[in-house]
Structures are given as structure tokens and as C-alpha cells.
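Descriptive analysis of the structure
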Amino acid sequence: MRKLKCAVIGTGYLGKFHAQKYASLPDCELVAVVDINEAAAKEVAEQYGATALTDYQSLLGKVDAVSIVVPTTLHHKVSRDFLNAGAHVLVEKPITVTVAEADELIAIAKEKNLILQVGHLERFNPAVLGLDKEEKPLFIESHRLSPFNPRANDVSVVLDLMIHDIDIILALVDSEVERIDASGTAVLTQGTDIANARLLFKNGCVANVTASRISMKMERKMRMFRPSSYVSVDFQNRILTKHRTGKGEMFPGIPEIETEESVFESGDALLEEIKHFVNCIHTGDNPLVSGEAGKRALETAIAITRLLGDK
């Protein structure tokens with residue numbers, strides 16, 4: 001199998017890890033890393049034997065696949081340029097700034113028969129991968145709390161943190177959103193720093209989603225109630241706990257509760273995400289987080305931010 005010529009656009013905090021993963025894969029050749037900060041590009045390139053560039057335009061038509069890890073405002077332009085040049089694209093979340101931009105990328109990828117994958121990393125958390133998705137949830141509650149970090153404050157907490165849970169919830173429920181209620185406030189930045197949204201789906205499921213980037217602790221948990229089970233996912237510690245109704249009774253007429261806990265070894269979700277992207281390129285399979293999935297998460301996140309008064 002021919003090695004894929006790959007490149008990473010953006011060598012910031014996350015981009016350098018993308019470069020590391022491509023460099024480790026036997027069926028990939030990391031040919032270049034790009035950053036407007038020449039020193040940053042050179043530092044990463046020297047680590048992995050790649051070429052350092054400051055302008056991605058010179059790579060158009062010369063690579064098979066790219067990871068785009070630049071500010072969200074540039075996702076559309078850079079992704080569009082590479083798709084038009086015939087390269088498969090893994091773009092970090094959120095897919096774009098607007099739904100119209102996402103639609104354009106999806107259309108180009110479809111027309112050119114290219115893979116467009118969106119970097120919703122939590123989908124590759126082993127606790128999420130271990131979750132059986134046959135039984136649809138009736139009620140979901142999620143909390144994604146983080147101490148303040150100045151790294152991603154160009155967007156609200158909804159597009160920074162909550163969108164991870166929105167993406168997972170939309171995939172699990174698999175129904176259209178009928179109504180959204182939301183509240184939140186700015187504390188340390190100009191955008192919303194803590195927010196809560198209530199999503200009502202057409203199939204009757206309700207999801208209560210909370211995200212904060214001003215908490216004193218780190219917590220990433222989701223709980224869901226299903227017709228015959230209650231499931232808890234601890235993303236941070238990779239613990240999946242299932243409580244199911246058993247055949248016996250704990251009280252007359254009340255079924256007993258059986259509990260099963262799975263603790264997953266520390267995995268590398270980013271490596272799994274990139275390996276999945278590469279595999280989809282080879283096989284033509286649809287990615288787990290397609291452009292359409294990224295668009296749905298973005299659309300819902302935008303609706304929430306509008307209710308919060310964010311731009």
C-alpha cells in the first residue's frame with residue numbers, strides 16, 4: 001500500500017500532536033508542517049523529519065491528506081483550498097464558523113469523492129466506543145467542567161467545550177432537535193464562560209447539557225437513562241458504568257438492579273482518530289464523525305449561542 005503524503009496545517013498546542021501521530025504511522029509520510037510562526041513550524045518539523053513552511057498554498061496538489069488545526073475562523077478557507085486541490089481533510093472542531101461554510105465543504109468533498117472528517121475527539125474515547133448504542137436514551141445529563149485556560153477563548157464555552165457533548169448526544173439520540181432552552185453568563189471573558197442548555201428532541205428525549213470553563217475542578221461526565229438501563233460515562237477517567245434491571249426483585253414488584261463497570265486503559269484518542277481518518281481514505285468508508293455530523297453539532301451549538309446572546 002502506497003504511503004499517504006500527509007501534512008499538518010497549524011503547529012500550536014494540538015497541531016504538534018497531530019504531527020506526532022502521522023509521523024508514527026507506517027502507512028503515512030509526514031511531508032510538511034505549516035505555521036505562520038516560522039520558529040514553531042521548524043521546531044515541530046525538525047522533530048519528525050518534515051519540511052517547515054509558513055504558507056500552506058505551496059502544498060496544494062502535493063499532499064494526499066491534511067489535518068487542519070488552525071483558528072476556527074480559518075477552517076473554511078483552508079479546508080476548501082485543500083479539498084479543491086484533491087486532498088482528504090481532517091479539520092478540528094468546530095467544522096467551520098457558519099452552517100453555510102460547512103455545507104460548502106461537504107458539497108466539495110462529495111463532488112470530489114474525498115474524506116471530510118471533523119475532529120470531535122471524544123468520539124474516540126474508549127469509554128464512548130464501548131457504549132452500546134442500540135437502546136435509545138430517554139433522558140441525558142452531561143457536565144463538562146474545566147478550570148480557566150486562555151488558549152481557546154476566541155469562542156464561547158459552547159463552541160469550545162459543550163460542542164463535544166452536543167456531538168455525542170446528537171449521535172446517540174438520532175432524532176431532530178425540536179426545542180432548545182439555554183442560559184449562561186460571561187465571567188472572565190467577553191463570551192459566555194458557563195452555560196446550560198436543554199434540548200428537546202422530536203422522539204421525546206431530553207438532554208440537559210452544562211459546560212463551564214471557569215470551574216475549580218475538571219469533570220467530564222455524561223449520564224443517560226434508557227428504557228431498561230442507566231448508563232454513566234466518565235470521559236476523563238475512561239469509566240463506563242451500566243446499571244440494568246435484572247430478573248430478580250429487590251422489593252415486591254420492583255426489579256433488582258445489576259451493575260457492570262468497565263475501566264478502560266489509558267488510550268490515545270487522537271492516534272485512534274487519525275488512524276480512523278487514514279483507514280477511511282484507504283477504504284472509502286464514511287468517517288465516524290463526518291462533515292454532516294460536524295455540521296449538525298455546529299448548527300445546534302450556534303442555536304444555543306444565539307439564545308445566550310453570543311455572536
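Residues numbered from 1 in each chain as written. Predicted model: local features only at pLDDT ≥ 70, side-chain atom pairs only at ≥ 80, totals over all residues. Heavy atoms only, no water.

The name that an unreviewed UniProt entry assigns to the chain is Putative dehydrogenase, with the source organism given as Methylobacter tundripaludum.

Details of the domain arrangement of the chain
Taken domain by domain, the chain holds domain 1 (4–114) and domain 2 (123–265 + 299–308). Summarising the inter-unit geometry, the C-alpha centres of domain 1 and domain 2 are found 30 Å apart. In this complex, domain 1 contributes seven residues to the contact, which on the side of domain 2 involves eight residues. Carbon and sulfur atoms supply 69% of the area buried between domain 1 and domain 2, which totals about 590 Å² over both sides. The largest share of the area that domain 1 buries against domain 2 comes from Lys-93, Pro-94 and Val-99, three residues that together contribute 63% of it. Our count for the contact surface shared by domain 1 and domain 2 stands at zero salt bridges. At the boundary of domain 1 and domain 2, one finds one residue pair in polar contact (both at pLDDT 80 or more). Looking at the side of domain 1 that touches domain 2 residue by residue, the class counts come to four nonpolar, two polar and one charged. (Domains from an automatic or database assignment. Contact = heavy atoms within 4.5 Å. Buried area = accessible area lost by both parts, 1.4 Å probe. Salt bridge = Lys/Arg side-chain N within 4 Å of Asp/Glu carboxyl O. Polar contact = N/O pair within 3.5 Å; in protein donor to acceptor, adjacent residues only side chain to side chain. Nonpolar A, V, L, I, M, F, W, Y, C, P; charged D, E, K, R; others polar.)

Quick word on helix H2 (residues 38–48)
For H2, the complete set of buried residues consists of Ala-40, Ala-41, Val-44 and Ala-45. Take H2 and look down its axis: the buried residues cluster within an arc of 125°, on one side only. Exposed residues lying more than 90 degrees from the buried face of H2 are Ala-39, Glu-43, Glu-46 and Gln-47. Buried residues belonging to H2 abut helix H1 (15–24), strand S2 (28–34) and strand S3 (51–53). Where H2 begins, the capping side chain belongs to Asn-37, and its oxygen is found 3.1 Å from the backbone nitrogen of Ala-39. Gly-49 sits one or two residues past H2 and shows a positive phi near 65°. (Buried < 20%, exposed > 50% of the residue type's maximum accessible area, 1.4 Å probe, protein only. Helix = DSSP H or I, 4+ residues; strand = E, 2+ residues; numbered from the N terminus. Arc of directions from axis to C-beta.)

Notes on a nonpolar patch on the surface
On the surface, Phe-148, Val-187, Leu-188 and Ile-194 cluster together to form a nonpolar patch covering roughly 340 Å² of accessible area. Looking at where Val-187 falls in the secondary structure, it is placed in the loop between strand S8 (177–185) and strand S9 (194–201). With relative accessibility at 48%, the residue Val-187 sits in the partly exposed group. (Patch = residues over 30% accessible without salt bridge, like charges linked within 9 Å, V, L, I, M, F, W, Y side chains within 5 Å. Areas by Shrake-Rupley, 256 points an atom, 1.4 Å probe, with all protein chains shown as cover.)

A few points about the sheet that holds S2
Judged by pairing direction, the sheet is parallel, and its six strands sit side by side in the order S3-S2-S1-S4-S5-S6 without closing on themselves. The outermost strands of the open sheet, each flanked by one partner alone, are S3 and strand S6 (116–119). Across the sheet, the axes of successive neighbouring strands diverge by a mean angle of 20°, strand direction being ignored. Across four bridges, strand S1 (residues 4–9) lies against strand S4 (residues 65–68) in parallel orientation. Looking across to S4, one finds that Ala-7 is bridged to Val-66. Taken strand by strand, helix H3 (residues 75–84) contacts S1, S4 and strand S5 (88–92), and its axis lies near 170° from that of S5. (Pairing = 2+ DSSP bridges. Axes fitted to C-alpha atoms, helices over the stretch in contact; angles between N-to-C directions.)

Considering the UniProt feature "domain: Gfo/Idh/MocA-like oxidoreductase N-terminal" (unreviewed entry) in the chain
As annotated in UniProt, the feature "domain: Gfo/Idh/MocA-like oxidoreductase N-terminal" (unreviewed entry) corresponds to residues 4–120 in the numbering used here. Helix makes up 38% of residues 4–120 and strand makes up 25%, while its end C-alpha atoms are separated by 22 Å. (UniProt positions renumbered as here; feature names shortened; annotations may be inferred.)

A word on the packing of aromatic side chains
The tally for this structure, following the rule as stated, stands at four aromatic pairs. Between the aromatic rings of Phe-139 and Phe-225, the centroid separation amounts to 6.4 Å while the plane-to-plane angle is 45°, which identifies the pairing as tilted. Residue Phe-139 is located in strand S7 (residues 139–145), and its partner Phe-225 is located in strand S11 (residues 219–226); the two are separated by 86 residues in the primary sequence. The structure contains a cluster of three or more aromatic residues connected by ring pairs, namely Phe-139, Phe-225 and Tyr-230. Sitting over the face of the ring of Phe-235, Arg-144 holds its NZ or CZ atom 5.0 Å from the ring centroid. (Phe/Tyr/Trp six-rings, centres within 6.5 Å; stacked < 30°, edge-to-face > 60°. Lys NZ or Arg CZ within 6 Å of the ring centre and 35° of its normal.)

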